[in-house]
Structures are given as C-alpha cells and as structure tokens.
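Geometric and topological summary
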Amino acid sequence: RNRSYISKNIKSIIKDYNYAFLDKENIVMYYGNRVPIVINANFSFKDIAHFLGCYFSDGTKKGNSWGICASTFDQANYFIKMHNLLIKNPILNVELTYTDPNNEDKDELKERLHFIWMKKTGIDIPKDKIWIYTTETKDAQNRNVYGALSIKEHRQLVLLYYNNLLSNLISEIVNHDNKKIALEFILGVLEGDGAPSAKARGHIIIASNKKESEILKSVFNVVGFNDCWDITTALL
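Here we summarise the structure given alongside this text. These numbers were taken from a predicted model, which means no experiment stands behind them. (Residues numbered from 1 in each chain as written. Predicted model: local features only at pLDDT ≥ 70, side-chain atom pairs only at ≥ 80, totals over all residues. Heavy atoms only, no water.)

**Describing the overall build of the protein**
Stated precisely, the cut-off is as follows: Put simply, DSSP H or I for four residues or longer makes a helix, DSSP E for two residues or longer makes a strand, and each gets a number counted from the N terminus. In this analysis, two residues are considered to be in contact whenever any of their non-hydrogen atoms come within 4.5 Å of each other. Only the protein chains shown count as cover for residues, with accessible areas throughout obtained via the Shrake-Rupley method and a probe of 1.4 Å.
Secondary structure assignment for the protein yields seven helices and ten strands. By sequence separation, contacts in the protein at least 24 residues apart represent 67% of the contacts at least 6 residues apart. Carbon and sulfur atoms provide 49% of the accessible area of the protein, an area that totals close to 13700 Å².

**Some words on the pattern of salt bridges**
The criterion, for reference: Note on definitions: salt bridges are taken to be side-chain nitrogens of Lys or Arg within 4 Å of carboxyl oxygens of Asp or Glu. Note on classification: 1.4 Å probe, protein chains only; a residue is buried when its accessible area is under 20% of the maximum for its type, exposed when over 50%, partly exposed between these limits.
Using the criterion set out here, one finds six salt bridges in the structure. Here Lys127 makes a salt bridge to Glu111, at a shortest N to O gap of 3.1 Å. Note that Lys127 is positioned in the loop between helix 4 (106–121) and strand 7 (130–134) and Glu111 in helix 4, a separation of 16 residues in sequence. A relative accessible area of 33% places Lys127 in the partly exposed class.

**With respect to the sheet that holds strand 1 (residues 18–21)**
Condition: Whether two strands pair depends on DSSP finding at least two bridges between them. Axis lines are fitted to C-alpha atoms, over the contacting stretch for helices. Their N-to-C directions set the angle, which ranges from 0 to 180 degrees.
With respect to topology, three strands assemble into an open sheet ordered 1-2-3, the strand pairing being antiparallel. Looking at strand neighbours, the two that pair on one side only are strand 1 and strand 3 (37–40), the edges of this open sheet. If you compare each strand with its neighbour and ignore which way they point, the axes differ by 30 degrees on average. Pairing geometry for strand 1 and strand 2 (residues 26–30), over four bridges, is antiparallel. Bridge pairing links Phe21 to Ile27 in strand 2.

Below is the structure:
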C-alpha cells in the first residue's frame, strides 16, 4: 500500500522494522522472531508528548516487557487510552500493589479494591494479581490511597517501539528547538516523578538517574529553563 499514508513522525521510527499496511490507519510491524504488533500509522508528536513524558519518568524501558505504573484512577484511564492510541492490538496485563496500614482481612480488602478499580476504570484486575503488603507506618504521605496499578505488555516489540518513539521525540525537541512539544513532555515527566520540595522553598524536584538527567537537561534548555534549575547527583 502507498507509504504516503504514514505520518512523517513515524517514518523514521519504523524504517528499521519489517511492516505492512492492514488498512489506511494501521500497520502490522515485525522484527526478527518477536511477536508482531499493530501500530497506529498516523499521529503527531504533540498528541503523545505528555504521555511519553509520563513513560520516560515512570515506565519500564529495559528488559523484555513494556510497562507503566498508575497511581490514580485518572492516570490508569489516561495511560490505557494513550497506549491504545499507539498500539492497536493491545494485550495488557495488570497488577495492583496495595500497602495496608490497618492489617485488614486480605480477602475482603482484595474484594473492595477490585470493586473500586472496576467502578472507576472498568479494569477487571484478577484477584490473584492484587498484592497486599502490611506496614506499621500509618500516615505515609506518598502512599496511594487505592494502591498502584502496574500496566504491562509482555511483547518485547512493544518495548522496543516505545523506546524508539521516545528517542525520536527527544530528537524532535532538541534538534528542531520544539518548545511546545518540550513543555508537554516536561509536564508528563513532572506528573510521573515530580514532587514539591520543602514548604519554605519554591522548588520542584524531579527524581532521575544520571543518564536520564542529561536528557532532561537538553529538553529544559529548549524551553529556557537552563538558568533556573540545578542537578543534585545521588546514587541511583
């Protein structure tokens, strides 16, 4: 089928893969002996910049599986919506991790968590994939009220494709000085790994490792944040 149907944003992304059109909007992509995937043939980086910022900060980028973690119902709905935009034949696996400070009955707690997530997101979390951990800390500020939802795809090609998307998005931002996309990406990063500093200081903290902090530095420079931030290195 005519390659003109491919948006310019993904021509460079899929050039190293074998692929074929299923219809005007969908491409089946192959790579070696990996399970093939169906991807969206038409989208803009503006559409996915915020989501890829979330993925950059809070997603799985190594190994054999793709994954991202949602701390709220809204995040879960948004992440799945955006994943379905990019991957047209999603095969999602979900797990919920919940920290219980009250030492409740685990079976009753699993039932309640399953119900509330189903009601708020439509996600049917298998009961044997709800993991309950007890703690003696009653009021941890960073604890998710209804747990953290892990959303995964166990097809390695999904992971490779996301990493390629991310690499090309960063190149678009830095090489073309694209401030609008850079800002959307930064907002996504802040949603995933941003946190306010001490109340007496007007700071926002982004947790990152050394390699990714260099990428963030280049993106910050595009939007003119180079003079209003610094990097504190920790062992990560």
